[in-house]
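# Fold and geometry: a report
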Amino acid sequence: MTRSTPDACPGVLRLHQAADGPLARIRVPGGRLTPAQVQALADAARDLGNGNLELTSRGNIQLRQVRDASELAGRLEVAGLLPSDTHERVRNIVASPLSGRVGGWADVHGLADDLDVGLRADPRLAALPGRVLFTLDDGRGDVSTLRGDIGVQAVAADTFALLLAGTDTGLRVTAGEAVEVMLDAARGFLDLRGSGEAGQWRLHEIPGGAERVVEALDRSPASSPLELGATHDIPIGWLDQDDGLVSLGAAVPLGTLPARTAEFLAAIDHPVFVTPWRSVVITDLAEGPAETVVRVLAPMGLIFDAHSPWLRVSACAGRPGCAKSRTDVRADAAAAIESQRVLGMALDPPPAGDDSSTTADGSRSDTPSTTAETVAAEDVRVLGRQHWSGCDRRCGRPTGPVTDVVATAHGYRIEAP
Ligand code: SF4
């Protein structure tokens, strides 16, 4: 597959002209933010944007309706969130958020830092498309399921599987080798992709791309490839760390974090991780302060309950942010949640007042399944994980089994996975 248009992923120095104004995307390699960086982002959203931080499906952050791009770039540079003018859009690195704190074979956050430094050190790698995704999985299988282009997954304390185009190559590397092998794979991808700006954006778009990169690496596969299963175990709520401290996982409804809430996050004065599931993890808390954080932030809208219907729903930008959208899908999705039309699986407690019956397979008798017909927004009732889109592009759709709720000219079309 060869693209007919160049990759136009936004960054801080190249804004996207969205329907509601300029949009900036800020890369957060490994998802880690210091309290000062959270505060800087909150200030920027309030002073220069629309007052919200948007969490993306790659653990990055977007600001909408940016009023002064130059001022924004300057502030982010001071905060350490724009360390490179040339490589800013290629720093798409996702790491297991709980790594080094709760379970996992290895702590991959150091690898995320090293990979970021290595990317920025090679001028040629600035030519990577902004769509290329690096994943660093500590063995729990959470971020590998995002089907990145180039990644590693720990299979033992000092052994990592090399993943290319979302599958295990069978190559095994040590922690000390992992970053250099990933950088070599990125160079191999650049060698293979079509010349010019209209070449392939992702490794899987190149026929035999992963196999050809393995050949170029000149290493022999040593193991049977891992089966990378889908996991939807998002870290939410109270999470006991291995060192006796506590992490708190909090979902951000539809990925929109108000600047005021972000200021409270910064005031906790502990490291925060942005996850690719539109949530945050607040780390290294003692029990007492952790209880206080939940008491303060839950009323502000952060979700600490793993059974909340907000966790089942994602949505694209929709109107007014996207000119292609047929409607305001985020408002429609929020209304569906608030009026208890987002239905849980059989093990979830039914929402209060919901008198629909549950069938043996866990579905509900009044739940729409796949339908070519369209239904009005107020009649959409969908079971389980669902992604609402303003058009058929389905931007931001999560991986794995998800019901699509797609806006059409006459209502919503519901497509079961
Ligand atoms: S799915 Fe369509 S409407 Fe939604 S953000 Fe993407 S292009 Fe816009």
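Residues numbered from 1 in each chain as written. Predicted model: local features only at pLDDT ≥ 70, side-chain atom pairs only at ≥ 80, totals over all residues. Heavy atoms only, no water.

Named according to an unreviewed UniProt entry, the protein is Precorrin-3B synthase originating from Nocardia mangyaensis.

Another point: the overall build of the protein. When helices and strands are tallied, the protein shows eight helices and 22 strands. Buried residues in the protein amount to 54% of all 417 residues. Contacts spanning at least 24 positions in sequence make up 64% of the contacts within the protein whose residues lie at least 6 apart. For the protein, the exposed area adds up to about 17,300 Å²; of that, 51% sits on carbon and sulfur atoms. (Helix = DSSP H or I, 4+ residues; strand = E, 2+ residues; numbered from the N terminus. Buried < 20%, exposed > 50% of the residue type's maximum accessible area, 1.4 Å probe, protein only. Contact = heavy atoms within 4.5 Å. Areas by Shrake-Rupley, 256 points an atom, 1.4 Å probe, with all protein chains shown as cover.)

This part is about helix α3 (residues 109-121). For α3, spanning 13 residues, the distance from its first C-alpha to its last is 19 Å, which sits close to the expected 18 Å at 1.5 Å a residue. What α3 keeps buried is the set His 109, Leu 111, Ala 112, Leu 115, Asp 116, Gly 118 and Leu 119. The elements touched by buried residues of α3 are β3 (32-33), β6 (93-95), β7 (134-137), β9 (159-164), α4 (175-192) and β14 (272-274). (Expected span 1.5 Å × (residues − 1).)

Sheet strands pair via backbone hydrogen bonds, and the direction of the pair is either parallel or antiparallel. Reading across from one edge, β6-β7-β8-β9-β10 is the order of the five strands in this open sheet, with mixed pairing throughout. The open sheet has two edge strands with one neighbour each: β6 and β10 (167-173). With strand direction ignored, the average angle separating the axes of adjacent strands in the sheet is 25 degrees. Sheet topology places β9 next to β10; four bridges connect them, and they run antiparallel. (Pairing = 2+ DSSP bridges. Axes fitted to C-alpha atoms, helices over the stretch in contact; angles between N-to-C directions.)

Spatially, β16-β20-β21-β22-β18 is the arrangement adopted by the five strands of the open sheet, whose pairing is mixed. For this open sheet the edge positions go to β16 (313-315) and β18 (374-375), each flanked by a neighbour on one side alone. Two strands pair when backbone bridges link them, and strand β20 (residues 386-389) and strand β21 (residues 403-408) are joined in this way by four bridges, in the parallel orientation. The residue of β21 that forms the bridge with Gln 386 is Thr 403. Where helix α8 (residues 329-338) meets the sheet, it contacts β16, β20, β21 and β22 (411-415), and its direction lies at approximately 145 degrees from that of β20.

A few words now on the site of the ligand. Within the structure, the ligand sits among Cys 316, Ala 317, Cys 322, Lys 324, Ser 325, Gly 390, Cys 391, Arg 393, Arg 394 and Cys 395. By residue class, the composition of the shell around the ligand is five nonpolar, two polar and three charged. (Near = heavy atom within 4 Å. Nonpolar A, V, L, I, M, F, W, Y, C, P; charged D, E, K, R; others polar.)

So, on to the packing of helix α1 (residues 35-48) against helix α2 (residues 69-78). The geometry of a pair of packed helices is captured by two quantities: the angle between their axes and the separation between those axes. With their axes 10 Å apart at the nearest point, α1 and α2 run at an angle of 170 degrees to one another. Classified by the angle between their axes, α1 and α2 sit roughly antiparallel to one another. Together, Leu 41, Asp 43, Ala 44, Asp 47 and Leu 48 of α1 and Glu 71, Leu 72, Arg 75 and Leu 76 of α2 make up the contact between the two elements. (Parallel < 35°, antiparallel > 145°, perpendicular 65-115°, else oblique.)

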